[in-house]
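What follows is the residue order along each chain.
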Amino acid sequence: MTFEPFRTLTSRTLVLPEENIDTDQIIPARFLTTTDKNGLGEAAFHDWRYGPDGVLDEGHILNSTDTGSHQVLVAGDNFGCGSSREHAPWALLAYGLRAVISTSIADIFRSNSLKNGLLPVVVSPEVHKDLLEQPGREVTIDLDAEELRFGNHVVPFSTEPFARRCLLEGNDPLGVLLNAMPEIEAFEEGRAA
Amino acid sequence: MTGTLFEKVWDRNLVRPEQSDSPAILHIGLHLVHEVTSPQAFQVLKERGLKVRRPDLTLATLDHSVPTLRAGADGRLPYVTAQAEKQVETLRANAREAGIELLDLGDERRGIVHLVGPELGRTQPGLTIVCGDSHTSTHGAFGALAFGIGTTEVGHVLATQCLFQSKPKTMRVFFDGPVTPGVTAKDMALAVIAKLGMEGGTGYVLEYQGEAVRALSMEGRMTLCNLSIEAGARAGMVAPDETTFDYLRGRPGVPDDFDAAVADWHALRSDDDATFDAEIVIDAGAITPMVTFGVSPDEAGGIGGSVPAPANDSQAAGLRYMGVTAGQNLSSMKVDRVFVGSCTNGRIEDLRAAAAILRGRKVADGVTALIVPGSEGVKRQAEAEGLHEVFLAAGAEWREPGCSMCIAMNGDKGAPGEVVVSTSNRNFRGRQGEGVRTVLASPATAAASAVAGFVADPRDYVGAAA
């Protein structure tokens, strides 16, 4: 196990309706000089949570929300666009989030999230609108059944089977890749021949 | 069998095709490594008792965190923080331990990761190239399949030289006809992003085709492919041709039997009857010098136009951040700072374009201009051509190579509220410093804007100063 498995999560939503929230917003580049993963929760959305003077903006939703009970981020369209920094999902997890719901989630951010136990969930614009309009509502994300449930809604979502298995087990796929080493070596020998 | 360029490169590097319960396994021909996205990956290998499997297919450089100022009187480089210096030292130690070649500070081959691969001839047609950096798409200019990965995947490649990959879809981006004089690869790229939108390319590999693409130098093709990620695409590609082969011939990293390699590379093109999952056509002749006005790269327009009305609250907030209003002429934006450099536009051709406009002219009062070559090789070439003297005479700064103000993590940055015309790739809020307002543009447009003191059309500055 390389991270906390994701099976079923029941939690409240934290809503950031802005579109195109990029990885420079999620964690500004000046926090990327770290050589480990410690302390990244403080850097999550740093420039949204702190004023230019470095003072915490206590009224900001990211500061006034109890992260223990609000582990599901509902964000505007095209969340996580921009750079490949894995520090983005690391920071969101350290801040306290376990899942991100949007109408679309950028490619590399999505790939990075899946490898760390942060579940990206893509929903239709109708469901999205519903969730955006009622911040703080309780939702259940059942990865095994691939269902998002809230109120009377049961919304199916899909995750690649391999990524789903890794999330349910809490494993990054390196072990599976290492098991393929005979095939990898045969490929390299075939090419050298 | 017929296929697209992408499919041909994919098939060449496929260890195992996609299965019902597992993505494909793709072999990686070149793994580029830099100081920011690698330390935690090396750490995972150490924790698991794994070795770097193919140091011969791995090349490391220092670019993001390094100062672009020279060492002070005490001989020490002015790192922005001790942590930045530690990050550099960490890559040194990791590379030494793993036997990975590192282009260290002081190495005449060092540069931004996406410049050094091509300069050394390590970037080649048909290769799979990855790096923990989203602008790895740059290398697609050579007909390579090149894309950015996260740090976990950096670890996968270090340990196995392979990656699990779901096969992306393909999109043909066809430029119809030639561009008009004064229009550059940067303008073509911004036109693509404006048309596709920031997520229009998500899930796709783009292949750029058409007369205007064929006419580009390798430098221009790299700029075009570099920006593919800003439309959400994983990669961008251009089929190799004589321009590609001429660029590579004689570089140290190319195959010993270069002619045989070229014969092989000729096969790397999309067949005439190949089908793409999607296609867009862009009227190349209609493209004019482009600038951005909002806080995402797709919010771009021709410099003669005006700021459009925002389509929603997010865009409206972006315009407020930028301090512009709908209907305002794009060329009326006042400029505080200009940055020429980055993996997007830090190559020799970019510096020549900036110098052509700055020659005999002065940077406007109140404007700071920073020119940062993308590599030591570019710096040497520029100085051999006397371009640095042009920049210095114009009142601009001439720095040491690195990512610098593109990502602003080495201390090179703007001040809150400043408008920066930048040849880099992202105009996100705060990207170039907290509160900084970024306007993306070509090197020629950036240079013209430095002289004018407001966002300016480079076509008005063609030829020698009066």
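Each chain has its residues counted from 1, following the order in which its sequence is written. Chains and ligands are labelled sequentially in the order written, the chains with letters from A and the ligands with numbers from 1. Local features are withheld for residues below a pLDDT of 70 in this predicted model, meaning they are given only at 70 or higher, and side-chain atom pairs are given and counted only at 80 or more; totals for whole chains, interfaces and linings count all residues. As a rule here, side-chain values cover all heavy atoms of the structure and leave hydrogens and water aside.

Enquirer: For this particular structure, what's the right way to read the side chain of Q87 of chain B?
Expert: For helices the rule is a DSSP run of H or I covering at least 4 residues; for strands it is a run of E covering at least 2, with both sets numbered from the N terminus onward. Note on placement: Q87 of chain B falls in helix α3 (residues 82–98). Only protein chains enter the accessibility calculation, which uses a 1.4 Å probe; a residue whose area is less than 20% of its type maximum is buried, one above 50% is exposed, and one in between is partly exposed. Judged by its relative accessible area of 0%, Q87 of chain B falls in the buried class. Working rule for contacts: check all heavy atoms of both residues, and any pair within 4.5 Å makes them a contact. In contact with Q87 of chain B, other than residues within four places in its own chain, are L32, T33, T34 and T35 of chain A together with E35, V36, P39, S65 and M409 of chain B.

Enquirer: Even after reading the chapter, I still don't get the sheet that holds strand β10 (residues 204–209) of chain B, so can you show me in this structure?
Expert: Hydrogen bonding along the main chain pairs the strands of a sheet, whether they run parallel or antiparallel. Residues and elements named next belong to chain B. Pairing is parallel across the open sheet formed by four strands, whose spatial order is β11-β10-β9-β12. The two strands at the open ends of the sheet, each matched to only one other strand, are β11 (235–237) and β12 (278–283). On average, adjacent strands in this sheet sit at an angle of 20° to one another, irrespective of strand direction. To get an axis, fit a line to the C-alpha atoms, keeping to the stretch in contact for a helix; angles then go from 0 to 180 degrees between the N-to-C directions. In this fold helix α1 (residues 5–12) packs onto β9 (169–176), β10 and β11, with an angle of close to 110° to the strand it touches most, β11. Two strands qualify as a pair provided that DSSP identifies no fewer than 2 bridges between them.

Enquirer: Which parts of the structure should I look at to understand the nonpolar core?
Expert: Generally speaking, a soluble globular protein has its nonpolar side chains buried in company with each other. Residues and elements named next belong to chain B. By size, the foremost hydrophobic cluster in this structure holds 81 residues, and its most contacted members are L145, V173, F175 and Y208. Per element, the largest residue contribution to this core is eight residues, and it comes from helix α6 (residues 185–196). Domain limits in this description derive from either an automatic procedure or a database domain assignment. Taken domain by domain, this core gets at least three of its residues from each of domain 1 (5–165) and domain 2 (169–286). When residues no more than four places from it in sequence are discounted, the contact partners of F175 are M188, V192, Y208, Q209, G210, E211, A212, V213, L224, I282, A284 and I287. Definition of nonpolar core: a set of buried residues of the types Ala, Val, Leu, Ile, Met, Phe, Trp, Tyr and Cys, connected through side-chain atoms within 4.5 Å.

Enquirer: Would you take a moment to explain unusual backbone geometry for this structure?
Expert: Backbone phi values are negative for most residues with the exception of glycine, while trans is the configuration of most peptide bonds. One non-glycine residue with positive phi stands out, namely N20 of chain A, at about 55°. Turning to its location among the elements, N20 of chain A is positioned in the loop between β1 (8–16) and α1 (23–26).

Enquirer: Quick question: what am I supposed to make of the interface of chain A and chain B here?
Expert: As a measure of interface size, the accessible area lost when the parts come together is often cited. Contacts between the two partners involve 53 residues from chain A, matched on the other side by 57 residues from chain B. Two parts placed together each lose some accessible area under a 1.4 Å probe, and adding up what both lose gives the buried area. With both sides pooled, the region where chain A packs onto chain B buries about 4,600 Å², and carbon together with sulfur makes up 56% of that total. Contact with chain B buries surface across chain A, with T33, T35 and L177 of chain A losing the most and accounting together for 14% of the total. Polar contacts, as used here, are pairs of N or O atoms within 3.5 Å; protein pairs need one atom able to donate a hydrogen and one able to accept it. Residues neighboring in sequence count only if both atoms are side-chain atoms. Between chain A and chain B we count 28 residue pairs in polar contact (both at pLDDT 80 or more) in total. The greatest single-element share of the side of chain A that touches chain B, amounting to seven residues, is contributed by helix α10 (residues 181–192) of chain A. Its residues assigned to classes, the side of chain A that touches chain B comprises 18 nonpolar, 16 polar and 19 charged. Gly falls in the polar group here, along with every residue not listed as nonpolar (Ala, Val, Leu, Ile, Met, Phe, Trp, Tyr, Cys, Pro) or charged (Asp, Glu, Lys, Arg).

Enquirer: Explain the domain arrangement of chain B to me, please; I cannot follow it from the model alone.
Expert: Residue and element names in this part refer to chain B. By the assigned domains, chain B splits into domain 1 (5–165), domain 2 (169–286) and domain 3 (291–460). On a C-alpha basis, the centroid separation for the pair domain 2 and domain 3 is 24 Å. Each partner contributes residues to the interface: domain 2 has 19 residues there, and domain 3 has 22 residues. When the two sides are added together, the surface that domain 2 and domain 3 hide from each other amounts to roughly 1,600 Å², 57% of it contributed by carbon and sulfur. Among the residues domain 2 hides against domain 3, the three largest losses belong to K186, L190 and M198. Together they make up 32% of the total.

Enquirer: What should I look at first to understand the side chain of H64 of chain B in this one?
Expert: Residues and elements named next belong to chain B. If you trace the backbone, H64 turns up in the loop between β4 (58–61) and α3. A polar atom in the side chain of H64 sits 3.5 Å from the side chain of H34. Filtering out sequence-adjacent residues up to four positions away, H64 remains in contact with H34, E35, V36, D133, C403, I407, M409 and N410.

Enquirer: Just to check I follow, could you spell out the packing of aromatic side chains for this structure?
Expert: We describe a pair of aromatic rings using the distance from one ring centre to the other and the angle between the two ring planes. Residues and elements named next belong to chain B. Centres within 6.5 Å make a pair out of two Phe, Tyr or Trp rings, where for Trp the six-membered ring is used; the pair is then stacked when the planes are under 30 degrees apart, edge-to-face when over 60, and tilted otherwise. The full count for this structure, using the stated rule, is eight aromatic pairs over all chains. With centroids separated by 5.4 Å and ring planes inclined at 65°, the aromatic side chains of F142 and Y247 adopt a geometry described as edge-to-face. A residue pair is termed long-range when its members are at least 10 positions apart, and F142 in the loop between β6 (128–131) and β7 (145–148) and Y247 in helix α9 (residues 242–248) qualify at 105 residues. Comparing F142 with Y247, the two get one shared label, buried. Among the aromatic residues, ring-to-ring pairing joins F245, F258 and W265 into one connected group. Note on geometry: a ring has a charge over it if NZ (lysine) or CZ (arginine) is within 6 Å of the ring centre and within 35 degrees of the ring normal. The ring centre of Y247 lies 3.9 Å from the NZ or CZ of R251, which sits over that ring. When the ring centre of Y321 is taken as reference, the NZ or CZ atom of R429 above it lies at 5.7 Å.

Enquirer: Looking at this structure, I do not really get the pairing of strand β4 (residues 119–122) of chain A. What am I missing?
Expert: Consecutive residues of a regular strand have side chains that alternate between opposite faces of the sheet. Residues and elements named next belong to chain A. By the bridge criterion, four bridges tie strand β3 (residues 99–102) to β4 in an arrangement that is parallel. Residue I101 lies in a different strand from β4, and its bridge partner there is V121. Handedness of a crossover is defined as follows: with both strands directed away from the viewer, a clockwise route from the first strand across the helix to the second makes it right-handed. For the handedness criterion, the β-α-β arrangement of β3, helix α6 (residues 107–114) and β4 is classed as right-handed.

Enquirer: Is there a simple way to explain the UniProt feature "binding site: [4Fe-4S] cluster" (unreviewed entry) in chain B in this structure?
Expert: All names here are of chain B. UniProt positions are given in the numbering used here, feature names are shortened, and annotations may be inferred rather than shown by experiment. Those places that UniProt annotates as "binding site: [4Fe-4S] cluster" (unreviewed entry) correspond, in this numbering, to C343, C403 and C406. Look at the named residues: they lie 64 residues apart in sequence, but the longest C-alpha span between them is just 8.7 Å, so in the fold they bunch up. With respect to the element layout, C406 can be found in the loop between β17 (397–398) and β18 (419–422). Accessibility expressed as a relative area gives 6% for C406, which makes it buried. When neighbours within four sequence positions are excluded, C406 is seen to be in contact with F339, S342, S424, N425, R431 and Q432.

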